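Single-letter residue listing:
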Amino acid sequence: MNGKVIIPLVEGDGVGPEVTSAMCKVLDAAVRRAYGDSRGIEWKEVLAGGKAYEQCGTYLPDATIDAFRQYGIGIKGPLMTPVGGGIRSLNVALRQGLDLYVCQRPVRWFRGVVSPVKHPENVDMVIFRENTEDIYAGIEWEAESPEARKLYEFLRDGMGVNKVRFPDTSAFGIKPVSREGTERLVRAACRYALEQGRPSVTLVHKGNIMKYTEGGFKKWGYELAEREFGDAIASGKLVIKDCIADAFLQNALLKPQEYSVIATLNLNGDYISDMLAAQVGGIGIAPGANINYDSGLAIFEATHGTAPDIAGRNVVNPCSNILSGVMMLEHIGWNEAASLVVESLEDAFSAGVATADLARLMPEGKPVGTVEFTEYIVNTIDRI
């Protein structure tokens, strides 16, 4: 993509305005430095979350969904979870409403960042987390509700289920995992691995216990890989393997270099993403994207929460949103600008310049505010 691009932008709640402002300034500087006036981003604000409710009376206006569909891309800050009825999670609603079936989370160490592990440089993985099924489908019933009793009676009388220990006070949830949902996720992960020159895709599951849901994910994933990527597997360009989820959490600490691309279900992916982020310095530098690899629609996002306790205090780390912006630049093929941002961040971290959450752990850390950190990165981009 050349020239000017229009990108819908959700500011976000809590610390959202601060991290979103930082991201825009850094990306604008990188694009200007890389391409001069020949390319640029026109940010188009769309509403979601608290600001949307105040102005439109709804947390997720149709106009916002329409804008993402129209432009095929977007980026957002963290969003609140509405209290009371309605949407359980705005993030989940966006993913399901736009069928953004891959939650993609790259995890790597940045030079200068202090990590709790001895060799964070060995952590270099890209997580492909299924985004639309599993427990996050939101199919559940409250304990002692009429619906829960009705479901239990059906399970007991119609399905012969006798393993519910305390039926009168049990809540129930349904975990859908489909062949189609598995196949499109694993297909996207395999294609990504081959395109990026990554050696392996690991299917992470709990199929030893959930034999037909997570076990199905493993079975269908292997079948898809063998059917559609058999030549790459036979030639050694791609290795397909699997790992039980709890074993993976251990192995990712002990021998992370054995893993490259991870394909996993929704709940597993949630745990794995945060655990791996902790190994390289925390969720504050963990970017993310929600992508439909069939339509090309992609929304990039800060992976942390709204942190209302520090909102407006000029202390929040904007790197998650900035690095999500890097993913967005790479998605549209503006790799030169993306590289400038990464180089500038590593320059800052190596000099001990960071927001307090990272700087306090650096041997000669120089904690700065959100605004000051953003200015440092922009100035670094301008002088590279």
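**Quick word on the nonpolar core**
And step 1. Ranked by size, the top nonpolar core spans 47 residues in total, and within it Leu345 and Phe349 carry the most contacts.
And step 2. Residues in contact with Leu345, not counting those within four places in the same chain, are Cys319, Ile322, Leu323, Phe373 and Ile377.
And step 3. In this structure, Val102, Val177, Leu203 and Trp220 belong to the second largest nonpolar core, which totals 25 residues.

**Brief notes about the packing of aromatic side chains**
And step 1. Inspection of the entire model under this criterion finds 6 aromatic pairs.
And step 2. An angle of 55° between the planes, with centres 5.3 Å apart, marks the rings of Phe128 and Tyr192 as tilted. With Phe128 in strand β5 (residues 124-130) and Tyr192 in helix α6 (residues 179-195), this residue pair connects regions lying 64 residues apart in the sequence. One exposure class covers both Phe128 and Tyr192, and it is buried.
And step 3. A ring pair is formed by Phe349 and Phe373, whose centres lie 6.2 Å apart and whose planes are at 15°; its orientation type is stacked. One end of the pair, Phe349, is in helix α12 (residues 335-350); the other, Phe373, is in helix α14 (residues 370-383), with 24 residues separating them in the sequence. Here Phe349 matches Phe373 in class, with each residue buried.
And step 4. In this structure an aromatic cluster arises from ring pairing among Phe128, Tyr192 and Tyr293.
And step 5. The residue whose ring lies beneath Arg39 is Tyr35, and the NZ or CZ to ring-centre distance is 4.0 Å.
And step 6. In this structure, Arg129 packs its charged tip against the face of Tyr136, placed 5.0 Å from the ring centre.

**A short note on the packing of helix α11 (residues 319-331) against α12**
And step 1. Running from N to C, α11 and α12 cross one another at 155°; their axes reach a closest spacing of 7 Å. The pairing of α11 with α12 is recorded here as roughly antiparallel in orientation. For α11 against α12, the interelement crossing comes out left-handed. For the pair α11 and α12, contact is made by Cys319, Ile322, Leu323, Val326, Leu329 and Glu330 and by Asn335, Ala337, Ala338, Val341, Val342, Leu345 and Phe349, respectively.
And step 2. Taken together, the residues that form the contact of α11 with α12 break down as 11 nonpolar, 1 polar and 1 charged.

**Overview of the environment of Val26**
And step 1. Note on placement: Val26 falls in helix α1 (residues 16-35).
And step 2. Distance from Val26 to Ile322, taken between C-alpha atoms, is 7.2 Å for residues 296 residues apart in sequence.
And step 3. Residues in contact with Val26, not counting those within four places in the same chain, are Ile322, Val341, Thr374, Ile377, Val378 and Ile381.

**Structural notes on the pattern of salt bridges**
Pairs may arise between side chains of opposite charge once their charged atoms sit close together.
And step 1. By the definition in use, this model includes 20 salt bridges.
And step 2. Close ionic contact of Asp347 with Arg383 constitutes a salt bridge, the shortest N to O distance being 3.3 Å. Residue Asp347 is located in helix α12, and its partner Arg383 is located in helix α14; the two are separated by 36 residues in the primary sequence.
And step 3. Residue classification places Arg383 among the exposed positions, given a relative accessible area of 55%.
And step 4. One network of salt bridges, with partners in common, ties together Glu11, Glu45 and Lys51.

**Looking at the state of the cysteines**
And step 1. Inspection of every chain in the model, using the stated rule, returns 0 disulfides.
And step 2. Cysteine Cys243 is unpaired, with the sulfur of Cys190 as its nearest cysteine sulfur at 17 Å.
And step 3. Residue classification places Cys243 among the buried positions, given a relative accessible area of 9%.
And step 4. Cys24 provides the cysteine sulfur closest to Cys319, a residue in no disulfide bond, and the two sulfurs are 15 Å apart.
And step 5. Of the residues examined, Cys319 reaches a relative accessible area of 1% and is grouped as buried.

**Section: unusual backbone geometry**
And step 1. One non-glycine residue, Glu144, lies in positive phi territory at about 70°.
And step 2. Of the residues examined, Glu144 reaches a relative accessible area of 53% and is grouped as exposed.
And step 3. At Asn314, a position not held by glycine, the phi torsion is positive, near 60°.
And step 4. Within the fold, Asn314 resides in the loop between β12 (298-302) and α11.
And step 5. The exposure class assigned to Asn314 is partly exposed, which follows from its relative accessible area of 25%.

Scoring rules and cut-offs
- Going along each chain's sequence as written, the residues are numbered from 1 onward.
- Predicted model: local features are reported for residues with pLDDT of at least 70 only, side-chain atom pairs are reported and counted for 80 or more only, and whole-chain, interface and lining totals are derived from all residues.
- Side-chain measures here rest on the full set of heavy atoms in the structure, leaving out hydrogens and waters.
- Put simply, buried Ala, Val, Leu, Ile, Met, Phe, Trp, Tyr and Cys residues joined by side-chain atoms within 4.5 Å make one nonpolar core.
- Accessibility here uses a 1.4 Å probe with only protein chains present; expressed as a share of the type maximum, an area under 20% marks a residue as buried, one over 50% as exposed, and anything in between as partly exposed.
- Any two residues whose heavy atoms approach within 4.5 Å are treated as being in contact.
- Each Phe, Tyr or Trp ring, with Trp reduced to its six-membered ring, pairs with another whose centre is within 6.5 Å; inter-plane angles below 30 degrees give stacked pairs, above 60 give edge-to-face pairs, and intermediate values give tilted ones.
- Each helix corresponds to a stretch of at least 4 residues labelled H or I by DSSP, and each strand to a stretch of at least 2 residues labelled E; elements are numbered beginning at the N terminus.
- Charges are assigned to positions over rings by a cutoff of 6 Å between ring centre and Lys NZ or Arg CZ, combined with an angular limit of 35 degrees from the ring normal.
- As a rule, the C-alpha atoms of each element are fitted with a line to give its axis, helices using only the stretch in contact, and angles between N-to-C directions run from 0 to 180 degrees.
- Orientation labels follow simple angle bins: below 35 degrees gives roughly parallel, above 145 gives roughly antiparallel, 65 to 115 gives roughly perpendicular, and whatever is left gives oblique.
- Definitions for this section: a left-handed crossing has its near helix turned counterclockwise from the far helix by less than a right angle. A right-handed crossing has that turn clockwise.
- Each residue is assigned to one class: nonpolar for Ala, Val, Leu, Ile, Met, Phe, Trp, Tyr, Cys and Pro, charged for Asp, Glu, Lys and Arg, and polar for all the others, Gly among them.
- For this analysis, a salt bridge means a side-chain nitrogen from Lys or Arg found within 4 Å of a carboxyl oxygen belonging to Asp or Glu.
- Any cysteine sulfur atom paired with another within 2.5 Å is treated as part of a disulfide.

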